[in-house]
Every structure is written in structure tokens, then in C-alpha cells.
Amino acid sequence: MGSGRNVAVFGAYGHTGRFVVAELRERGYIPLLLGRDQDKLLALAQAQPGREARQASVDDPASLDRALNGAAAVINCAGPFASTAAPLVEAALRAGIPYVDVAAEIEANVDTFAHFAGRARAAGTVVVPAMAFYGGLGDLLVTTAMGDWTAADEARIAYGLSSWHPTAGTLASGAVSGQRRGGRRVRYTGGRLEYHDDALPTLEWPFPAPLGPQSVIGEFTMADVVTVPSHLAVPEVRTYMTAKAAADLSAPDAAAPAAVDDRGRSAQTFVVDVLVRSGGTERRVAATGQDIYAISAPLAVEAVDRILTGRTRTTGVASAGAVFDAPDFLRALSAHLSLHVPHDARG
Ligand SMILES: NC(=O)c1ccc[n+]([C@@H]2O[C@H](COP(=O)([O-])OP(=O)(O)OC[C@H]3O[C@@H](n4cnc5c(N)ncnc54)[C@H](OP(=O)(O)O)[C@@H]3O)[C@@H](O)[C@H]2O)c1
């Protein structure tokens, strides 16, 4: 039987899926463990007695329907999302439940908006792509920094990662995105995504203390270029990445994240520093925390909690900043994120 507390996690045994399952439990939800590999699912379920494992494949819609039976919502953590997002959104629409994913793939997120906006709105349900560190957090921060502005000339999101040990899922998703772009690069300028072959600039970004100025790769384009312009009139959205983290990601022997605490988080720290500009006026806000994969769990679960308790502003396919009260959402994550608002940007 269904319970309003059952939340299905597709890709439950992946690195991010495990953080999401743990976060759901901590928040009093009952995670339903979904994935394509029965053995991996059973191993996870055995480690967490009482958890229900449901094997399902994106190639078999009936298996997805069975897996979502009785779920109040689904969180998709299985990437590359080029393969999983559309079948899971379809299944969520058939089940009449909200869908949240953690996709960092720009093209997959564009597809979710393009293919499902009308049907999700008509169904009166919510589909939230990129509800994670990349895409979701940046959008919440930009929306918060905008305050009463509905338009700005530009938004810049600088990622100050101490390191980046990528998971297999991150690397596979990057490879799929690269193939979809034909090896080209992408940026968001003039109010649209632009594919190009230009070299990426290196510059210095003035992160707030204690990190301070760091060398960053400019136009290191992340999912925020989909989420932010989906609801804010900002024709230039640029993302930057600390050069060290970018080098870690592309290293041929990139190591997977290693847990250093009892929550399973790695030692990686992050600062997401956001600047929005309208004419000569700038507004800034930054957030700091530990482990970009781990933080994606409270982001996705807080989103589900708000959807299931009716704390939403819209229906259809929408990004975090459009669906939720962004400053309130960020405040709710104070156990996981520290917010920094510069003095000259207050009040
Ligand atoms: N936006 C963000 O900030 C953010 C944050 C965290 C993660 N992510 C994204 O989330 C995805 C997962 O990352 P991760 O760190 O959890 O990687 P991971 O540990 O390698 O896990 C990947 C998971 O996806 C599953 N999967 C992959 N393709 C599948 C398919 N076609 N059907 C069913 N399951 C499939 C894998 O199952 P098998 O083991 O059976 O292959 C595994 O459970 C990646 O795309 C990553 O980029 C994004």
C-alpha cells in the first residue's frame, strides 16, 4: 500500500543515491531502493534491513511502473541522464507523482524542459531537473542574490572546489555530454546556449576568505546555464571552476571520492560564489560546505519534502529557484551549508 512517506530512489546503490537514501531516512521518509542491478540492490537492502528493493530498467516501462507503485515521489540518481531521465519522467507522469533528479548534464536537462514542460504542467505535477550541487544550488544562490530583481545583465557562478575526485557516474556523464556536443564546448551567452571551439580562459576569481583569490577556468560550463535562464531574464550566465579541481577531473588516473567521516563524506570542500550584475550594481552571495556529492542529498530531499508539503510556487518542469522560495530553502539547509552575504550586499 502507498504511504505519503515512500520516496523511490532510482540508482539507489550509486554513490549519490546512497547519500540520498540516508538523507531520506534521516528526514523520516521511507526510501524505496530502485535500480537496474538486482544483486547490487539486494546488497544495499541487506545492509539496511527493512528497506524494499525493486529492480527496474529504463528499457522496460512496466518495470518502472511496478517500482513506483505506492511511491509519493521519485528521485532519479542514475546517470548518465541522457538514458534515464526521459523514461523516469514518463513513469512519474504515469504514476501521477513528482520527479526530481540530480542531472548535471546540460543537454539532458535541456531535453527535460523541452519534452515534458507541457505535460507536467497539464498534469499539475512538478518535475525538477538538476536538483543537486550543480544546477540546483547555483540557481538557488542566483535567485537569492537577485532579491527583488527579475532581470539582470549577467550572473556568474564560481566554483571553488578544493579538489574533485569524480565518481564513475560523473565521468560517464561527462563523456556522454561530450559526445552529444560532438566534442565542442558550450557556453550561455546572448540569451542562448552557444557551441564553440574556443580555448577556455584562465583567470583569477576573488573567492571570499578564507579561500581567497584562486586561479579558475572560465566558461567551465555547468548545469546552471540551463536552470538559471529557465526562470530569470539573464542573458549572460557564466560558470567558473578552480583550475586545480578542473585538472583533477581530467586527470587520466582520477581517483574516486574517499570517505573521511561517519556520513561518508570526502574531505573535499567547496565555495559557490555568485555574483549578479544589473547595470553598475552588483549583488553577491556565497555558500560553503563539504563534498559536492553529499550535499546533493539534502538538496534533493529538501526539494521533495517541500513538494510533498505543498511549499511550491509552480507546476510543470521547473528549476529549484523557480519552484521554491530560494532564501528560505537555503536557510533550511543550514546544517549542511553556510551562507555568506557580503556586508555591502545586505539589506
Ligand atoms: N548535479 C550535480 O551536482 C550532481 C551531483 C551528484 C551526482 N550527479 C550525477 O548523478 C549521476 C550519478 O552519479 P554518482 O556519483 O552516484 O555515480 P555512480 O556512483 O557511478 O552511480 C551511478 C549510478 O547510476 C546507475 N546507472 C547508470 N546508468 C544507468 C541506466 N542506464 N539505468 C539504470 N541505472 C543506471 C548506476 O547503476 P549500475 O551500477 O547498475 O551501472 C549507478 O547506480 C551522474 O550523472 C552524476 O553526474 C550530479
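Conventions used here
- Residues numbered from 1 in each chain as written.
- Predicted model: local features only at pLDDT ≥ 70, side-chain atom pairs only at ≥ 80, totals over all residues.
- Heavy atoms only, no water.
- Axes fitted to C-alpha atoms, helices over the stretch in contact; angles between N-to-C directions.
- Helix = DSSP H or I, 4+ residues; strand = E, 2+ residues; numbered from the N terminus.
- Left-handed = near helix turned anticlockwise from the far one by under 90°.
- Contact = heavy atoms within 4.5 Å.
- Nonpolar A, V, L, I, M, F, W, Y, C, P; charged D, E, K, R; others polar.
- Buried < 20%, exposed > 50% of the residue type's maximum accessible area, 1.4 Å probe, protein only.
- Polar contact = N/O pair within 3.5 Å; in protein donor to acceptor, adjacent residues only side chain to side chain.
- Domains from an automatic or database assignment.
- Buried area = accessible area lost by both parts, 1.4 Å probe.
- Salt bridge = Lys/Arg side-chain N within 4 Å of Asp/Glu carboxyl O.

## Some details on the packing of helix α6 (residues 133-146) against helix α10 (residues 292-308)
Relative to each other, α6 and α10 sit at 65 degrees, their axes nearing to 10 Å. Pair α6 / α10 crosses with left-handed handedness. Contact with α6, carried on its side by Phe 133, Tyr 134, Leu 137 and Leu 140, involves Ile 292, Ile 295, Ser 296 and Leu 299 of α10 and no other residues of that element. Residue composition of the contact of α6 with α10, grouped by class: seven nonpolar, one polar and no charged.

## Here we look at the side chain of Asn 6
Here Asn 6 lies in strand β1 (residues 6-10). Assessed through its relative accessible area of 8%, Asn 6 is described here as buried. Within polar-contact distance, the side chain of Asn 6 engages the backbone oxygen of Gly 70 at 3.4 Å.

## Some details on the domain arrangement of the chain
Taken domain by domain, the chain comprises domain 1 (6-132 + 296-326) and domain 2 (133-291 + 327-345). Between the C-alpha centres of domain 1 and domain 2 the distance comes to 23 Å. Here domain 1 packs against domain 2, burying approximately 2800 Å² in sum over the two surfaces, 64% of which is carbon and sulfur. When the buried area of domain 1 at its contact with domain 2 is split by residue, Ile 106, Glu 107 and Ala 326 rank highest and sum to 24% of it. Applying the counting criterion to the domain 1 and domain 2 interface returns four salt bridges. As a salt-bridge pair, Arg 180 and Asp 111 come within 2.7 Å of each other at their nearest N and O atoms. Linking domain 1 with domain 2 are 20 residue pairs in polar contact (both at pLDDT 80 or more), by the criterion used here. Where the side of domain 1 that touches domain 2 is concerned, the elements lending two or more residues are α1 (15-26), α5 (106-123), α10 and α11 (320-323). Ranked by residue count, the leading element in the side of domain 1 that touches domain 2 is α5, at seven residues. Among the residues forming the side of domain 1 that touches domain 2, the class breakdown is 20 nonpolar, six polar and eight charged.

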